[in-house]
Amino acid sequence: MVKKVEALAAPLCESEGLELVYVEFQRESAGWVLRVYVDKPTGVSLDDCARVSRQLGDVLDVGLEALWPYNLEVSSPGAHRPLGKCQDFERFKGSLAAVRLKTAMDGQKNFKGILKGVSGETVHLQVGDHDIAIAYQEIARARLA
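Fair warning: this is a prediction, and the values are worked out from it, not measured in the lab. (Residues numbered from 1 in each chain as written. Predicted model: local features only at pLDDT ≥ 70, side-chain atom pairs only at ≥ 80, totals over all residues. Heavy atoms only, no water.)

(A) Molecular detail of the pattern of salt bridges. Tallied over the entire structure, the rule returns 14 salt bridges. With a closest N to O distance of 2.9 Å, Lys40 and Asp48 form a salt bridge. Its relative accessible area of 25% is what places Lys40 among the partly exposed residues. Put simply, Glu24, Glu28, Arg35, Glu73, Arg141 and Arg143 are held in one network by salt bridges that share partners. (Salt bridge = Lys/Arg side-chain N within 4 Å of Asp/Glu carboxyl O. Buried < 20%, exposed > 50% of the residue type's maximum accessible area, 1.4 Å probe, protein only.)

Right, here's the structure in full:
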């Protein structure tokens, strides 16, 4: 579902001068939430979010067969910006990030450290005194910390 939403939302965001940062679909206490994060160099305003929400809601009503009812939220990524694209790890090189892996590496799934950049499809993270290399496809979730 997330991939379908990304495919529908990316052209809409681009036409509005916004970057589609990240899409998540998750169950929360109030039900299912489809959260879409958008950004632009000058910062995202409430009007930007409202405009995208209205248009995206219409697009999703037509182009998406949701399995469950959901609430759509369009938001700025904020200080704990999700890192969803491989190039995000290069863009925010030098920043502190929290990374969760799909499968454990050396018995650990959660890492927090300084982003050292990307080579090919490998993300480099400095955790304490150690540099670790993580295959991008093994990252379940990552955010700036």
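Moving on, there is more to tell.
(B) Examining the packing of helix H1 (residues 2-15) against helix H2 (residues 46-63) more closely. Their axes nearest at 10 Å, the elements H1 and H2 cross at an angle of 140°. Comparing their axes, H2 and H1 come out oblique. Pair H1 / H2 crosses with right-handed handedness. The segment H1 lies against H2, with Val5, Leu8, Ala9, Leu12 and Cys13 engaging Val52, Gln55, Leu56, Val59, Leu60 and Gly63. Per-class residue counts for the contact of H1 with H2 are nine nonpolar, two polar and no charged. (Axes fitted to C-alpha atoms, helices over the stretch in contact; angles between N-to-C directions. Helix = DSSP H or I, 4+ residues; strand = E, 2+ residues; numbered from the N terminus. Parallel < 35°, antiparallel > 145°, perpendicular 65-115°, else oblique. Left-handed = near helix turned anticlockwise from the far one by under 90°. Contact = heavy atoms within 4.5 Å. Nonpolar A, V, L, I, M, F, W, Y, C, P; charged D, E, K, R; others polar.)

(C) Looking closely at the state of the cysteines. What the rule picks out here adds up to zero disulfides. Cys49 provides the cysteine sulfur closest to Cys13, a residue in no disulfide bond, and the two sulfurs are 9.8 Å apart. In this structure Cys13 comes out as buried when scored by relative accessible area, which is 0%. (Disulfide = S-S within 2.5 Å.)

(D) Region of interest: the environment of Glu65. Within the secondary structure, Glu65 sits in the loop between H2 and strand S3 (70-75). Once the C-alpha coordinates of Glu65 and Ala10 are considered, the two residues, 55 residues apart in sequence, prove to be 18 Å apart.

(E) Geometry of the packing of aromatic side chains. For the structure on display, the rule yields six aromatic pairs. Aromatic side chains Phe25 and Trp32 sit 4.8 Å apart centroid to centroid with 15° between the ring planes, which places their arrangement in the stacked category. Of the two residues examined, Phe25 and Trp32, each falls in the buried class. Aromatic pair Phe89 and Tyr136: ring centres 6.2 Å apart, planes at 75°, arrangement edge-to-face. Taken together, the residues span a long stretch of sequence, with Phe89 in helix H3 (residues 86-91) and Tyr136 in the loop between strand S7 (130-135) and strand S8 (139-144) at a distance of 47 residues. Of the residues examined, Tyr136 reaches a relative accessible area of 22% and is grouped as partly exposed. Aromatic rings pair up to connect Phe25, Trp32, Trp68 and Tyr70 into one cluster. (Phe/Tyr/Trp six-rings, centres within 6.5 Å; stacked < 30°, edge-to-face > 60°.)

(F) The arrangement of the nonpolar core in detail. Core analysis: the biggest nonpolar cluster contains 18 residues, and Val5, Val36, Val52 and Leu56 have the highest contact counts within it. The set of elements that each furnish at least two residues to this core consists of H1, strand S1 (19-28), strand S2 (31-39) and H2. In contact with Leu56, not counting residues within four places along its chain, are Ala9, Leu12, Val36 and Leu72. Counting 15 residues, the second-largest nonpolar core is a separate cluster that includes Phe111, Leu125, Ile132 and Ile139. (Core = buried A, V, L, I, M, F, W, Y, C linked by side-chain atoms within 4.5 Å.)

(G) Structural detail: the sheet that holds S2. One open sheet holds the three strands; their spatial order is S1-S2-S3, and the pairing between them is mixed. Looking at the sheet topology across the chains shown, the edges are occupied by S1 and S3. Direction aside, neighbouring strands of the sheet carry axes that sit 15° apart on average. Sheet topology places S1 next to S2; nine bridges connect them, and they run antiparallel. Across the sheet, residue Arg27 finds its bridge partner in S2, namely Trp32. This element, H1, spans S1 and S2 of the sheet and lies at about 145° to S1. The strands that H2 touches are S2 and S3; relative to S3, the one it contacts most, it runs at about 145°. (Pairing = 2+ DSSP bridges.)

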